[in-house]
Amino acid sequence: SESVIDKNLDFEGITCDENGDFYLVSENAFRILQVSRSGDNASWISPDLRPCGEGVGLFENPGAYLEGIALTGKNKFAVCAEREPRGIIEVDLTKMPHGAEAFNCNIAKIKFPKDRNPDFTGLFSEDGVLYVLQRNAYVISKLIRNEQGFAEKDFWSYEAVVTSDEFRYSDMRFGKAEGLCMDKDHVYVVIDNNRSEEHTSELQSHSFISYAVFCLK
């Protein structure tokens, strides 16, 4: 099978199916990798999505390519381009090689802090609803599919958690949330601290990955 270890793949997003297989999106390869539940098998299941995204102006900024992934149906995925500009690519594996469609989503309905760009960094799909993490605004929202592409709807802020004295980092110039998951009672936001130190000295020697958990009612 085609090698998956011949370059720096920089896996960014993860999702799983009902069988326990999981799927990773590679920022550098612009592809989706399927890994079996046992971990014994791994294979690329999508073509290079870069040409599709570039067709609507995505992937202009190196290091701000594919970031999040969600399984939206059987053999169907949504992946997000991070920023400058941000966007969504829908992937339907049953229609390959022509089963990918990209949307430039850089126009935001909410106001982002000064010197921060609109971004998408995490995706989660549940009951036919796609949720997106807008890291630089400390916001989670729904993304509703329409004839033009996607529209933001309903917004939940986690800013009070990650900017509190208990959890904030010494470097808060940009948001740090990169992963999104939910269950029936909670939203889970994964924080990548990018090796910055926390204000609280007791936390400074801890792992370079931390997380915030809060309820979405």
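Values in this document were obtained by computation on a predicted structure and should not be read as measured data.

## Details of the overall build of the protein
Point 1. Each helix and strand in the protein was counted, giving two helices and 15 strands.
Point 2. Per-residue burial for the protein yields a buried fraction of 43% across its 217 residues.
Point 3. For the protein, the share of sequence-separated contacts (at least 6 apart) that also reach a separation of at least 24 residues comes to 44%.

## A few points about the pattern of salt bridges
Point 1. Under the criterion given, the structure shown has 11 salt bridges.
Point 2. Between glutamate 101 and arginine 145 there is a salt bridge, with the nearest N and O atoms lying 3.6 Å from each other. Placement of the pair is glutamate 101 in strand β8 (residues 100-104) and arginine 145 in strand β11 (residues 139-145), with a sequence separation of 44 residues.
Point 3. A residue is classified by how much of its surface remains accessible, and glutamate 101, at 40% relative accessible area, is partly exposed.
Point 4. A relative accessible area of 37% places arginine 145 in the partly exposed class.

## Brief notes about the sheet that holds strand β10 (residues 129-134)
Point 1. Pairing is antiparallel across the open sheet formed by four strands, whose spatial order is β9-β10-β11-β12. Both outer strands of the open sheet, β9 (122-126) and β12 (150-157), are each paired with one neighbouring strand and no more. Within the sheet, the average angular offset between the axes of one strand and its neighbour, ignoring direction, is 30 degrees.
Point 2. The sheet contact formed by β9 and β10 spans five bridges and is antiparallel. Pairing of leucine 123 across the sheet is with valine 132, part of β10.

## A few points about the nonpolar core
Point 1. With 16 residues, the main nonpolar core has Ile32, Phe59, Leu66, Ile69, Val79 and Ile89 as its most contacted residues.
Point 2. If you list the elements that add at least two residues to this core, you get β2 (22-26), β5 (66-73), β6 (76-81) and β7 (87-92).
Point 3. Beyond its immediate sequence surroundings of up to four residues, isoleucine 69 is in contact with Gly13, Ile14, Thr15, Tyr23, Val25, Ile32, Phe77, Ala78, Val79 and Leu123.
Point 4. If you look at the next biggest cluster of nonpolar residues, it comprises 15 residues, including Val162, Leu180, Met182 and Val189.

## Thoughts on the layout of surface pockets
Point 1. Counted as a void, the largest pocket has a volume near 440 Å³.
Point 2. For the largest pocket, the lining is made up of 26 residues, of which Ile14, Thr15, Leu123, Phe124 and Leu180 are closest to its centre.
Point 3. Looking at the lining of the largest pocket, the elements that each hand over two or more residues are β1 (11-16), β5, β9 and β13 (177-182).
Point 4. Counted by class, the lining of the largest pocket contains 12 nonpolar, nine polar and five charged residues.
Point 5. In this structure, the second largest pocket occupies an estimated 360 Å³ of space.
Point 6. Around the second largest pocket sit 20 residues that line it, and Thr72, Phe77, Glu90, Arg145 and Phe150 are the ones nearest its centre.
Point 7. Of all elements in the fold, only β6, β7, β8, β10 and β11 reach the threshold of two or more residues within the lining of the second largest pocket.
Point 8. Classifying every residue of the lining of the second largest pocket gives nine nonpolar, five polar and six charged.

## Brief notes about the packing of aromatic side chains
For any pair of aromatic rings, the description consists of the separation of the ring centres together with the inter-plane angle of the planes.
Point 1. Counted under the stated rule, the structure contains eight aromatic pairs.
Point 2. Considering the side-chain rings of phenylalanine 59 and tyrosine 65, the 5.9 Å spacing of their centres and the 90 degrees angle between planes classify their relative orientation as edge-to-face.
Point 3. Residue phenylalanine 59 is classed as buried on the basis of its relative accessible area, which comes to 4%.
Point 4. For the ring pair phenylalanine 103 and phenylalanine 150, a centre distance of 5.4 Å and an interplane angle of 85 degrees mean the geometry is edge-to-face. A residue pair is termed long-range when its members are at least 10 positions apart, and phenylalanine 103 in strand β8 and phenylalanine 150 in strand β12 qualify at 47 residues. Residue phenylalanine 103 shares its accessibility class with phenylalanine 150, and that shared class is buried.
Point 5. Taken together through their ring pairs, the aromatic side chains of Phe30, Phe59 and Tyr65 make up a single cluster.

Cut-offs and rules
- Residues numbered from 1 in each chain as written.
- Predicted model: local features only at pLDDT ≥ 70, side-chain atom pairs only at ≥ 80, totals over all residues.
- Heavy atoms only, no water.
- Helix = DSSP H or I, 4+ residues; strand = E, 2+ residues; numbered from the N terminus.
- Buried < 20%, exposed > 50% of the residue type's maximum accessible area, 1.4 Å probe, protein only.
- Contact = heavy atoms within 4.5 Å.
- Salt bridge = Lys/Arg side-chain N within 4 Å of Asp/Glu carboxyl O.
- Pairing = 2+ DSSP bridges.
- Axes fitted to C-alpha atoms, helices over the stretch in contact; angles between N-to-C directions.
- Core = buried A, V, L, I, M, F, W, Y, C linked by side-chain atoms within 4.5 Å.
- 1 Å grid on protein atoms, 1.4 Å probe; cavity = no way out; pocket = protein on both sides within 12 Å on 5 of 7 lines; lining within 4 Å.
- Points joined across faces, edges and corners; volume = space filled by probe spheres on them.
- Nonpolar A, V, L, I, M, F, W, Y, C, P; charged D, E, K, R; others polar.
- Phe/Tyr/Trp six-rings, centres within 6.5 Å; stacked < 30°, edge-to-face > 60°.

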